[in-house]
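# Observations on chain architecture
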Amino acid sequence: MTPEHSEEPPAPVATGVGRWHPVMQWAGLLLLSLILAALLELTGIPAALLMGPMVAGAVVGMNGGTIRLPRMPFLGAQALIGTMIAETISPGILVTFFGNWPLFLAIVFSVIAMSTLSGYTISRLNILPGTTAIWGSSAGAATSMLVMADAYGADTRLVAFMQYLRVVFVAAAASLVARYWAGIDGAGPAIVWFGPIHVVPFLETLAVVLVGGCLGKWLRVPAGVFLVPFLLGSVLSVTGMLVIEIPEWLLAISYALLGWNIGLGFTRPILAHARRALVPTVISILVLMSFSGLLAFVLVRTLGIDPLTAYLATSPGGMDSIAIIAASSNVDVPFVMALQTARLLMVMAVGPSLARFVASKTVSRR
């Protein structure tokens, strides 16, 4: 029998850009991305090819856009960017890490502790329901935090909002610091978009991207699709077994895909849902960024490295975004990636357990 009354809620009414055909939405997103990326390039902002599409995606999403980036292109972009960063790695990265491992671990655990404290404070003040703030404030491993949040009954939409909002803040701040504080001109020399391609190194690089990305996904490691190609490419590049070759046009596509994936996540329903938590979330992000800046100052004083390298190395979250900005700036990329990788690994190792412990304490006191 057909039920007399349907239990399914009515489909939401499309508004703004959402009324357009998906093809038109993608065309509008592409055009806006090109305009914004070009403007940012003219101002000398590093990683303009990431920041322009990110802002364009947010504009489309907040104006009712219904398009979303398919999962596979996004994962492919992550794997490609990880392989690209591997080209900058040298044997000195291990010397740097093991020579300063107590300081590195102290910095990493300090960031984890501060982010956990922020989440606990927001949760205890009843600004967000349940344990949502605990998972949303964790500095990294966003995928892992979303899975844990869902298992704990937290609001995954708010967790995703908090995680990606921090990525946007950190990426924007790092890019602005690189341009206006450190004086790094992101425009640099003219980019050769369609230069000659050496076929064998290019195909070998694509093989690393494909194998590393699939392996990272199969292992179910948080950020594994980025991290495994990065580590695999680094080993092969350092040992001389691989010459990494990625044409500029392919890198630009990868940057745009990453930016769109972040920007399109900011939709009207999610913003309306997160309205009450917006101000506390922004405050907690700014506190965490300021604390990371203080840790960067410690690195400058203790190791004598340049301030921008220290700032990027201690920035909390968005490892792939930070990697792009570092590669676009005159910094010690191996040092940045050494500390960022150490933070990601530590978050993977202790983050979920620590967040689960704090979440249980939060629940037990209510």
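All of these numbers come straight from a predicted model, not from anything done at the bench.

## Description of the overall build of the chain
Of the regular secondary structure elements, the chain holds 16 helices and zero strands. Residues counted as buried form 50% of the 366 residues belonging to the chain. Of the accessible surface of the chain, which amounts to about 17,400 Å², a share of 70% is contributed by carbon and sulfur atoms.

## A few points about the packing of helix H5 (residues 101–124) against helix H13 (residues 275–303)
When two helices pack together, you describe them by how their axes are tilted relative to each other and by the distance separating the axes. Their axes nearest at 10 Å, the elements H5 and H13 cross at an angle of 165°. Regarding the angle of H5 to H13, the classification is roughly antiparallel. H5 and H13 meet at a crossing whose hand is right-handed. Residues Leu103, Ile107, Ser110, Val111, Met114, Ser115, Ser118 and Ile122 of H5 pack against Pro280, Ser284, Val287, Leu288, Phe291, Ser292, Leu295, Val298, Leu299, Thr302 and Leu303 of H13. A breakdown of the residues in the contact of H5 with H13 according to their chemical character gives 13 nonpolar, six polar and no charged.

## Comments concerning a nonpolar patch on the surface
Taken together, the side chains of Leu31, Ile35, Leu39 and Leu42 define a hydrophobic patch exposed on the protein surface, amounting to about 430 Å² of accessible area. Along the chain, Ile35 falls in helix H1 (residues 22–42).

## Structural notes on the nonpolar core
Formed by 97 residues in total, the largest nonpolar core has its most connected members in Leu50, Ile81, Ile85, Leu128, Tyr255, Leu312 and Met337. When residues in this core are grouped by element, the largest group, 11 residues, is from helix H8 (residues 156–181).

## Here we look at the side chain of Ser234
Within the secondary structure, Ser234 sits in helix H10 (residues 224–238). With relative accessibility at 8%, the residue Ser234 sits in the buried group. Excluding its chain neighbours within four sequence positions, the residues that come into contact with Ser234 are Ala86, Ile89 and Pro229.

## Overview of H1
Side chains of residues three or four places apart in an α-helix project in the same direction, reflecting 3.6 residues per turn. Compared with an ideal rise of 1.5 Å per residue, which puts 21 residues at 30 Å, H1 spans 30 Å between its outermost C-alpha atoms and is within 8% of the ideal. Among all positions of H1, only Gln25, Leu29, Ser33 and Ala37 are buried. Looking straight down H1, one finds its buried side chains confined to an arc of 90°; they lie on one side. Residues of H1 that are exposed and angled more than 90 degrees away from the buried face: Val23, Leu31, Leu34 and Leu42. The inward-facing, buried residues of H1 contact helix H2 (48–62) and helix H11 (248–263).

## Some thoughts on the side chain of Arg166
Along the chain, the position of Arg166 falls in helix H8. Within the local environment of Arg166, its side chain forms a polar contact with the backbone oxygen of Pro316, the two atoms lying 3.0 Å apart.

## Notes on the confidence of the model for the chain
Summing up the model confidence of the chain, the mean pLDDT is 79 and the portion of residues at 70 or higher is 82%. Helix H7 (residues 142–151) is the least confidently modelled element of the chain, averaging 63 in pLDDT, while H1 averages 92, the highest of any element. Across residues 1–12 the pLDDT falls below 50, and counting only partners more than four positions away or on other chains, this stretch makes zero contacts in the model.

## What about the environment of Thr267?
Counting through the fold element by element, Thr267 comes out in the loop between H11 and helix H12 (268–273). Judged by its relative accessible area of 7%, Thr267 falls in the buried class. Distance from Thr267 to Thr66, taken between C-alpha atoms, is 8.7 Å for residues 201 residues apart in sequence. Thr267 has contacts with Gly61 and Arg68, leaving out every residue within four places of it along the chain.

## So, the environment of Val287
Secondary-structure assignment places Val287 in helix H13. Classification of Val287 by relative accessible area gives partly exposed; the value is 39%. For the pair Val287 and Met114, spaced 173 residues apart in sequence, the C-alpha to C-alpha distance is 8.8 Å.

## Quick notes on the packing of H2 against H11
Look at H2 against H11: their axes get within 7 Å of each other, and the N-to-C directions meet at 35°. In the crossing of H2 with H11, the sense of the turn from one axis to the other is right-handed. Contacts between H2 and H11 involve Leu49, Leu50, Pro53, Met54, Gly57 and Ala58 from the first element and Ala252, Tyr255, Ala256, Leu258, Gly259, Trp260, Ile262 and Gly263 from the second. Broken down by class, the residue content of the contact of H2 with H11 amounts to 11 nonpolar, three polar and no charged.

Analysis parameters
- Residues numbered from 1 in each chain as written.
- Predicted model: local features only at pLDDT ≥ 70, side-chain atom pairs only at ≥ 80, totals over all residues.
- Heavy atoms only, no water.
- Helix = DSSP H or I, 4+ residues; strand = E, 2+ residues; numbered from the N terminus.
- Buried < 20%, exposed > 50% of the residue type's maximum accessible area, 1.4 Å probe, protein only.
- Areas by Shrake-Rupley, 256 points an atom, 1.4 Å probe, with all protein chains shown as cover.
- Axes fitted to C-alpha atoms, helices over the stretch in contact; angles between N-to-C directions.
- Parallel < 35°, antiparallel > 145°, perpendicular 65-115°, else oblique.
- Left-handed = near helix turned anticlockwise from the far one by under 90°.
- Contact = heavy atoms within 4.5 Å.
- Nonpolar A, V, L, I, M, F, W, Y, C, P; charged D, E, K, R; others polar.
- Patch = residues over 30% accessible without salt bridge, like charges linked within 9 Å, V, L, I, M, F, W, Y side chains within 5 Å.
- Salt bridge = Lys/Arg side-chain N within 4 Å of Asp/Glu carboxyl O.
- Core = buried A, V, L, I, M, F, W, Y, C linked by side-chain atoms within 4.5 Å.
- Expected span 1.5 Å × (residues − 1).
- Arc of directions from axis to C-beta.
- Polar contact = N/O pair within 3.5 Å; in protein donor to acceptor, adjacent residues only side chain to side chain.
- pLDDT = per-residue confidence, 0-100.

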